[in-house]
Amino acid sequence: YELSPFLWKKVVKGLSAGRVQSVAVRLVVEKEREIKAFKIDEYWTIETILAPLLKGGEGGVLFSATLNKLNGKTIEKLQIENKEEADKILAELKNAKYVVARIEKKQGKKSAPAPMTTSGLQIAANRLLGFSAKQTMTLAQKLYETGLITYMRTDSLNLSDKFLNESHDWLKKNVGDNYALPQPKRFKTKAKGAQEAHEAIRPTEVSRHPDSVKDSLDSSQHRLYRLIWQRSVATQMPDAIFDNTVIDIDALPTPFNKEGRGEIFQFRSTGQVLKFDGYLKVFPEKSQEIELPDIKEKEELDLKKIEGVQHFTKPPARYSDASLVKTLEEYGIGRPSTYAPTIATIIDRNYVSRDDHKRLAPNDIAFVVNDLLVAHFPQIVDYEYTAKMENDFDNIAEGKIKWQSVLEKFYDPFHDNLMAKQNEIKKEDIMPDETSNEICDKC
């Protein structure tokens, strides 16, 4: 029989949940193996503190520069491998003369982030507020129930004309004419199968400034509402504008070699100064300002300090809620309603635990189950196949293809493989050999 689109969405949720959870566990397991296999390498950088050489011998504004090139070739990150190589360079630069070789000034722009989808909300709340995906959705549900925000399960970037007009008027009245765009800025999602008829997550009324509702919300609810309000209004504001400066400095060692030439070491200093804050006026984001002195090309500089600095490469970080949601979304796996339950479920079932930094670490059982699935049921945890299946489910819900053919293609070979593996796989082949004298208190 035919299922209505509504019922198909219910079916899809059940069919895809286990598959998405399996893929999420695989991602966490593979990341952990990548971390364990990572080889730490030592490397060094040569750092200087310089200042303009002013008349009278007193230096001007101090600024830093890092060795960037040797004889015109860029120094790679791991090129200076140890202290001996760093000390050799420092010895050559002992009596060097530092001269400004090139100054490049450019204007840079930074645009406001797009409106919030469900995944965007979870990612932003995790990175900026430290909330888990489950915590974010619980708080958002409360905000929705109290009428402060629109529905929080959406993959659309649409904003209503009402919101766009209200934002424009609010910005002109409360922030300034130059902080309101002359025309509304509309966004279109790139997500395949997104429901464009829905709206992005936004405050229901722009006039409900976060400060005005603070007393009616608890601390966590208020922080999340502030994030949603600021991000939504910022989408209708102009870019932030920065003045970016790059200064290249030649270090000319003395004395030169017998041919009258020496190696040319070139240092680089970069600066950034905010010229117009634009959307940052409403939605502050971290941006480090580094102001460089007003100097000219061919000007000689005064060396205040030079040293070699030791570094070590760092392994990739474990997944946070934000980075796991982002990765699943990039693969096209999961939907707005499934990200938070997926993470919560793999934690509740003890496949994954949170480490001291609230990142996701696989438990022993995750390695066992994942390796079993990869070896014997590879399609279940295949990224591309899982994404294709979810896309097929969406097409069924939209009436584009028939559900019978999709399930038949999956279920028949899966069933045959499952029957075969029940006889082939033995428990002792996949469980650790170690025995324990401890008695389980549950069984």
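Please read these numbers as outputs of a predicted model, since none were measured by experiment.

Colleague: A description of the overall build of the chain should follow, citing residues and the corresponding values.
Modeller: What the chain contains, in helices and strands, is twelve helices and nine strands. For the chain, with 443 residues in total, the buried portion stands at 42%. Partitioning the intrachain contacts of the chain with sequence separation of at least 6 by distance along the chain shows that 77% fall at a separation of at least 24. Of the roughly 25700 Å² of accessible surface on the chain, a fraction of 50% belongs to carbon and sulfur atoms.

Colleague: Before we move on, could you go through the packing of aromatic side chains and cite the residues and values that matter?
Modeller: Each aromatic ring pair is specified by the distance between its two centres and by the angle formed by the two planes. Enumeration according to the criterion identifies six aromatic pairs in this entry. Seen from the ring of Y383, R26 lies directly overhead, with NZ or CZ sitting 4.8 Å from the centre.

Colleague: Before we move on, can you summarise the pattern of salt bridges with the specific residues and values?
Modeller: Applying the stated rule across the entire model yields 21 salt bridges. Across the pair D302 and K304 runs a salt bridge, and its minimum N-O distance is 2.9 Å. Take K304: its relative accessible area is 44%, and that puts it in the partly exposed class.

Colleague: Break down the environment of P113 for me, citing the residues and quoting the values.
Modeller: With respect to the helices, strands and loops of the structure, P113 is situated in the loop between β4 (97-110) and α3 (118-129). With near-sequence residues (within four places) excluded, P113 lies in contact with R231, T235, Y279, F283 and E285.

Colleague: Can you tell me about the pairing of strand β1 (residues 42-52), naming the residues and giving the values?
Modeller: Counting buried positions along β1 yields eight of eleven residues, so the element is predominantly enclosed. Of the strand pairs in this sheet, β1 and strand β7 (residues 300-312) are connected by eleven bridges, and their pairing is antiparallel. Counted as the bridge partner of E42 is F312 from β7. Bridge analysis of β1 against strand β2 (residues 63-70) gives four bridges, and the strand direction is antiparallel. The residue of β2 that forms the bridge with E47 is T66.

Colleague: If you had to explain the nonpolar core to someone new, which residues and values would you point to?
Modeller: Judged by nonpolar contacts, the single largest core of 65 residues is most densely connected at I149 and L224. Not counting residues within four places of it along the chain, the set of residues in contact with I149 comprises A140, L143, Y144, I201, R202, P203, T204, Y225 and I228. In this structure, I46, Y98, F265 and F267 belong to the second largest nonpolar core, which totals 22 residues.

Colleague: Tell me about unusual backbone geometry, residues and numbers included.
Modeller: Most peptide bonds adopt trans geometry, and most residues besides glycine take a negative phi value. Notably, N71 is not glycine yet its phi reads approximately 55 degrees, a positive angle. For N71, the position within the fold is in the loop between β2 and β3 (73-74). Residue classification places N71 among the partly exposed positions, given a relative accessible area of 44%. The phi dihedral of K358 falls on the positive side, at around 65 degrees, and the residue is not glycine.

Colleague: For the confidence of the model for the chain, give the residues involved together with the corresponding values.
Modeller: Any region with low pLDDT has predicted coordinates that should not be read closely. Of all residues in the chain, 89% have pLDDT values of 70 or greater, and the mean over the chain is 89. The secondary-structure element of the chain with the lowest mean pLDDT is helix α12 (residues 427-430), recorded at 68, while helix α6 (residues 219-234) shows the highest, at 98.

Colleague: Explain the environment of K39 to me, using residue names and the numbers behind them.
Modeller: Mapping K39 onto the fold places it in the loop between α1 (5-37) and β1. Residue classification places K39 among the exposed positions, given a relative accessible area of 63%. In the structure, K39 is positioned 274 residues away from T313 in sequence and 8.3 Å away in space, judged by C-alpha atoms.

Colleague: Tell me what's going on with the side chain of Q236, and back it up with residues and numbers.
Modeller: Its place among the elements puts Q236 in the loop between α6 and β5 (240-252). A polar contact is formed between the side chain of Q236 and the side chain of T235, at a distance of 3.2 Å. Setting aside anything within four residues of it in sequence, one finds Q236 in contact with L159, L164, S167, L171, Y179, A180, L181, P184, K185 and F187.

Colleague: Any chance you could break down the pairing of β5 for me, citing the residues and the numbers?
Modeller: Of the strand pairs in this sheet, β4 and β5 are connected by 13 bridges, and their pairing is antiparallel. The residue bridging V100 from the neighbouring strand is I249, located in β5. As defined by bridge partners, β5 adjoins strand β6 (residues 265-276) across eleven bridges and the pair is classed as antiparallel. Of the residues in β6, the one forming a bridge with F242 is L274.

Colleague: So what about helix α5 (residues 161-174)? Which residues, and what values?
Modeller: Taking 1.5 Å of rise per residue, 14 residues should cover 20 Å, and α5 covers 20 Å from first to last C-alpha, within 8% of that figure. Those residues of α5 not exposed but buried are F163, L164, S167, W170 and L171. In an axial view of α5, the angular spread of the buried residues amounts to 135 degrees, which keeps them on one side of the axis. Structurally, α5 contributes buried residues whose contacts are with α6. Looking at the residues trailing α5, positive phi occurs at G176, about 145 degrees.

What counts as what
Residues numbered from 1 in each chain as written. Predicted model: local features only at pLDDT ≥ 70, side-chain atom pairs only at ≥ 80, totals over all residues. Heavy atoms only, no water. Helix = DSSP H or I, 4+ residues; strand = E, 2+ residues; numbered from the N terminus. Buried < 20%, exposed > 50% of the residue type's maximum accessible area, 1.4 Å probe, protein only. Contact = heavy atoms within 4.5 Å. Areas by Shrake-Rupley, 256 points an atom, 1.4 Å probe, with all protein chains shown as cover. Phe/Tyr/Trp six-rings, centres within 6.5 Å; stacked < 30°, edge-to-face > 60°. Lys NZ or Arg CZ within 6 Å of the ring centre and 35° of its normal. Salt bridge = Lys/Arg side-chain N within 4 Å of Asp/Glu carboxyl O. Pairing = 2+ DSSP bridges. Core = buried A, V, L, I, M, F, W, Y, C linked by side-chain atoms within 4.5 Å. pLDDT = per-residue confidence, 0-100. Polar contact = N/O pair within 3.5 Å; in protein donor to acceptor, adjacent residues only side chain to side chain. Expected span 1.5 Å × (residues − 1). Arc of directions from axis to C-beta.

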